[in-house]
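What follows is the residue order along each chain.
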2 protein chains.
Amino acid sequence: MTTQAPRPRGRPRRFDPDQAIGTAQRLFHERGYDAVSVADLTEAFGINPPSFYAAFGSKAGLFARTLRHYTTTAGVPLSDILRPDRPVAEALAVVLADAARRYAADSDAAGCLAIEGARCNDPDARKAARALTAAGEDTIRRFVAATHPEAAERLADYVVTVMIGLSAMAREGHSLDRLQGVASMAGMVLEEALTMPGFTGQTASG
Amino acid sequence: MTTQAPRPRGRPRRFDPDQAIGTAQRLFHERGYDAVSVADLTEAFGINPPSFYAAFGSKAGLFARTLRHYTTTAGVPLSDILRPDRPVAEALAVVLADAARRYAADSDAAGCLAIEGARCNDPDARKAARALTAAGEDTIRRFVAATHPEAAERLADYVVTVMIGLSAMAREGHSLDRLQGVASMAGMVLEEALTMPGFTGQTASG
DNA sequence: GCGCTTGTGTAGTCATGGTTACAAAAAGCC
DNA sequence: GGCTTTTTGTAACCATGACTACACAAGCGC
């Protein structure tokens, strides 16, 4: 239902940028940002470099658009899971379980596109990916802070750390079962950590 | 005290390979394998490419030697911590706490060289790094299996996942305090997971 | 000193990878 | 049908990066 105005004007495009973004998402997810070259992309799209740059500006630009599409499509739906009325520990456990499931769902495109993209070697692409992961971290922290302000940073740090680890383990080829095992183990500590008074980080200092 | 035999034979080296490995370790740890070029290395060593290749064979070869040096120098000493007579949960918690401390100790060289190296784009370098991380994972799994065979894989997966996450968080610049907070939180679940009967991975399947 | 061995310096090769100049093509507008 | 607009295809450019050919230098054994 993309409203398709009368007709743009000049020579019509020989390819569909939206469809290309889907192809790009698959390639970036399978091989990682750095390992996908512009040549790979143009070949997969069936176009030549000038069309690529006219449509997307740069490889990092395409990646930014791809990330936007990914979050609304295949990423962990944090805003849906972290409803304000939901028990905090339970909701966070669901986030971890959902991440495990999604990251291992497609063994050819394992892990989280944003988390993995945040570690690539291109500054622009990295920045785009980090913006997404930072937004996710903020969402988690604010969700916890609404009811447990003092535990928010710690719990958000923990959940994000485990998610990053899960994404890496998924990319190493670990099975869904093993990821789910880690996620469920990680979830067990959430309740306890919430109700722990004065838990401000020095418990392991001895 | 490196026994310095009579004299090697031909023209003497203008540089010390062992010292170069120390320099390489710093560079690789600071910037990551991919982001360090052979030109960077030769410049840092004060030599030219032919000397580099004569001494180390390839960039990945140097990295392999650097990793060996790293494990005996700055890596988490798993074999020392995971003594067979030690309570399992306590020992694993120490591993996590030690990782947090080490990964955040030097903000210019954050995270674990082996864990991060295992995600680089060069197949040979990746293989060398993965051999190390796999050995570490095996050490953890066998340590747990000695007393809790059924929990070994799950606990090893969990500890490794958190360590990978901690390394990533350290590289994002998170403070020592925050990493220690995550590590101590992650450590809280270990005891419970050990004593949980029939905990074989299906708890989150509903 | 002469040959042998080994390391060094100069100056490259070769591939890859992101990006672009330029002219031709394909449509709309009038 | 000409003018304008936008996209396309060919063919590059330019930088980087891993690696090497080759001749010379510097030590040892004799």
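Each chain has its residues counted from 1, running along the sequence as written. Chains carry letters from A onward and ligands carry numbers from 1 onward, assigned in written order. In keeping with the predicted nature of the model, local features appear solely for residues at pLDDT of at least 70, side-chain atom pairs appear and are counted solely at 80 or more, and the whole-chain, interface and lining totals rest on all residues. As a rule here, side-chain values come from all non-hydrogen atoms in the structure, and water together with hydrogens is ignored.

**Thoughts on the protein's contact with DNA strand D**
Moving on, step 1. Taken together, 23 residues sit near DNA strand D, with Arg14(A), Ser51(A), Val38(B), Tyr53(B) and Lys59(B) positioned nearest.
Moving on, step 2. We call a residue near a given molecule or strand whenever any one of its heavy atoms falls within 4 Å of it. A share of 69% is what sugar and phosphate atoms reach among the atoms of DNA strand D within 4 Å of the protein.
Moving on, step 3. Pairs of N or O atoms within 3.5 Å make up the polar contacts considered here, provided that, within protein, one atom can donate a hydrogen while the other can accept it, and that residues adjacent in sequence are counted only when both atoms are side-chain atoms. Val38(B) places a polar main-chain atom, nitrogen or oxygen, 2.6 Å from a phosphate oxygen of DNA strand D.
Moving on, step 4. For DNA strand D, a phosphate oxygen lies 2.9 Å from a polar atom in the side chain of Lys59(B).
Moving on, step 5. The secondary structure listing takes helices from DSSP runs of H or I that are at least 4 residues long and strands from runs of E that are at least 2 residues long, numbered from the N terminus. Looking at which element gives the most residues to the surface near DNA strand D, the answer is helix H3 (residues 49-56) of chain B, with 3 residues.
Moving on, step 6. The residue classification treats Ala, Val, Leu, Ile, Met, Phe, Trp, Tyr, Cys and Pro as nonpolar and Asp, Glu, Lys and Arg as charged. All others, Gly included, are polar. Of the residues belonging to the surface near DNA strand D, the class tally is 9 nonpolar, 6 polar and 8 charged.

**Brief notes about the domain arrangement of chain A**
Residues and elements named next belong to chain A.
Moving on, step 1. Each domain's limits were defined by an automated method or a database of domain assignments. Each domain of chain A was delimited in the assignment, giving domain 1 (17-71) and domain 2 (78-194).
Moving on, step 2. A straight line from the C-alpha centre of domain 1 to that of domain 2 covers 25 Å.
Moving on, step 3. Between domain 1 and domain 2, the contact holds 15 residues from the first and 17 residues from the second.
Moving on, step 4. A side-chain nitrogen of Lys or Arg and a carboxyl oxygen of Asp or Glu constitute a salt bridge if their distance falls within 4 Å. The tally of links between domain 1 and domain 2 comes to 0 salt bridges. In what follows, residue pairs with any heavy atoms lying within 4.5 Å of each other are defined as contacts.

**Description of the relation of the copies chain A and chain B**
Moving on, step 1. Here the copies were fitted onto each other by least squares, based on C-alpha atoms from residues at pLDDT of at least 70 in both. Here chain A sits on chain B after a turn of 180 degrees about the axis and a move of 0.0 Å along it, with an RMSD of 0.0 Å. One copy is carried onto the other by what is essentially a two-fold rotation axis. Relative to the rotation axis, the C-alpha of Gly165(A) is the closest in chain A, positioned 2.2 Å from it.

**Side note on the packing of aromatic side chains**
Moving on, step 1. Working definition: a ring pair exists when centres of Phe, Tyr or Trp rings (six-membered ring for Trp) sit within 6.5 Å. Plane angles under 30 degrees give stacked, over 60 give edge-to-face, the rest tilted. Taken as a whole, this structure holds 16 aromatic pairs over all chains when the rule is applied.
Moving on, step 2. For the ring pair Phe45(A) and Phe52(A), a centre distance of 6.4 Å and an interplane angle of 20 degrees mean the geometry is stacked. As far as burial versus exposure is concerned, Phe45(A) and Phe52(A) are alike and both buried.
Moving on, step 3. Look at Phe15(B) and Phe56(B): their rings are 6.4 Å apart centre to centre, the planes differ by 65 degrees, and that puts the pair in the edge-to-face class. Of the two residues, Phe15(B) is situated in the segment before helix H1 (17-31) and Phe56(B) in helix H3; the sequence distance between them amounts to 41 residues.
Moving on, step 4. Partly exposed describes any residue whose relative accessible area lies between the buried limit of under 20% and the exposed limit of over 50%, with all areas from a 1.4 Å probe on protein chains only and scaled to the type maximum. Relative accessible area serves as the criterion here: at 13%, Phe15(B) is assigned to the buried category.
Moving on, step 5. Ring-pair connections join several aromatic residues into one group, and the members of that group are Phe15(A), Phe45(A), Phe52(A), Tyr53(A) and Phe56(A).
Moving on, step 6. As a reminder, the over-ring test applies to NZ of lysine and CZ of arginine, requiring each to be within 6 Å of the ring centre and within 35 degrees of the ring normal. Here the basic side chain of Lys59(A) rests over the ring of Tyr33(A), its NZ or CZ set 4.2 Å away from the ring centre.

**Quick notes on the protein's contact with DNA strand C**
Moving on, step 1. Contacts to DNA strand C come from 23 residues, most closely from Val38(A), Lys59(A), Arg11(B), Arg14(B) and Ser51(B).
Moving on, step 2. Considering DNA strand C, the proportion of its atoms within 4 Å of the protein that are sugar or phosphate atoms stands at 69%.
Moving on, step 3. Contact distances for DNA strand C include 2.6 Å between a phosphate oxygen and a backbone N or O atom of Val38(A).
Moving on, step 4. One of the side-chain nitrogen or oxygen atoms of Lys59(A) is found 2.8 Å away from a phosphate oxygen of DNA strand C.
Moving on, step 5. Sorting the residues of the surface near DNA strand C by element identifies helix H3 (49-56) of chain A together with H3 of chain B as the ones contributing at least two each.
Moving on, step 6. Per-element accounting of the surface near DNA strand C gives the leading share, 3 residues, to H3(A).
Moving on, step 7. Looking at side-chain class alone, the surface near DNA strand C contains 9 nonpolar, 6 polar and 8 charged residues.

**Things to note about the pattern of salt bridges**
Moving on, step 1. Following the criterion strictly, the structure yields 28 salt bridges over all chains and no others.
Moving on, step 2. The shortest N-O distance in the salt bridge between Arg178(A) and Glu137(B) comes to 3.6 Å. Residue Arg178(A) is found in helix H10 (residues 176-194), and its partner Glu137(B) is found in helix H8 (residues 123-145); the two belong to separate chains.
Moving on, step 3. What makes Arg178(A) partly exposed here is its relative accessible area of 22%.
Moving on, step 4. Taking the relative accessible area as the measure of exposure, Glu137(B) reaches 11% and is therefore buried.
Moving on, step 5. A salt bridge links Arg142(B) to Asp138(B), with the shortest nitrogen-to-oxygen separation between them at 3.7 Å.

**Focus on the interface of chain A and chain B**
Moving on, step 1. The interface of chain A with chain B comprises 41 residues on the first partner and 41 residues on the second.
Moving on, step 2. Between chain A and chain B, roughly 3500 Å² of surface is buried when both sides are summed, and carbon and sulfur atoms account for 60% of that area.
Moving on, step 3. Two parts placed together each lose some accessible area under a 1.4 Å probe, and the buried area is that loss summed for both. Contact with chain B buries area across many residues of chain A, yet Arg119(A), Met185(A) and Met188(A) alone supply 20% of it, more than any other trio.
Moving on, step 4. Here chain A and chain B share 10 salt bridges between them.
Moving on, step 5. Between Arg178(A) and Glu153(B) there is a salt bridge, with its nearest N and O atoms 3.8 Å apart.
Moving on, step 6. Applying the counting rule to chain A against chain B returns 9 residue pairs in polar contact (both at pLDDT 80 or more).
Moving on, step 7. Going through the elements one at a time, helix H8 (123-145), helix H9 (152-171) and H10 of chain A are the ones with two or more residues in the side of chain A that touches chain B.

**Considering the state of the cysteines**
Residues and elements named next belong to chain A.
Moving on, step 1. The disulfide criterion is simple: two cysteine sulfur atoms within 2.5 Å. One pass over the structure, following the stated rule, counts 0 disulfides over all chains.
Moving on, step 2. Not part of a disulfide, Cys-120 finds its nearest cysteine sulfur in Cys-112, a span of 13 Å.
Moving on, step 3. By relative accessible area, which is 4% here, Cys-120 ends up buried.

**Topic: helix H4 (residues 59-71) of chain A**
Residues and elements named next belong to chain A.
Moving on, step 1. To estimate the expected span of a helix, count its residues, drop one, and scale the result by 1.5 Å. Compared with an ideal rise of 1.5 Å per residue, which puts 13 residues at 18 Å, H4 spans 19 Å between its outermost C-alpha atoms and is within 8% of the ideal.
Moving on, step 2. Among the residues of H4, Lys-59, Ala-60, Leu-62, Phe-63, Thr-66, Leu-67 and Tyr-70 are the ones counted as buried. With its buried residues spanning 150 degrees around the axis, H4 presents them on a single face.
Moving on, step 3. In the core, the buried residues of H4 are packed alongside helix H1 (17-31), helix H2 (38-45), H3, helix H7 (113-117) and H8. Directions from the helix axis toward the C-beta atoms define the arc.

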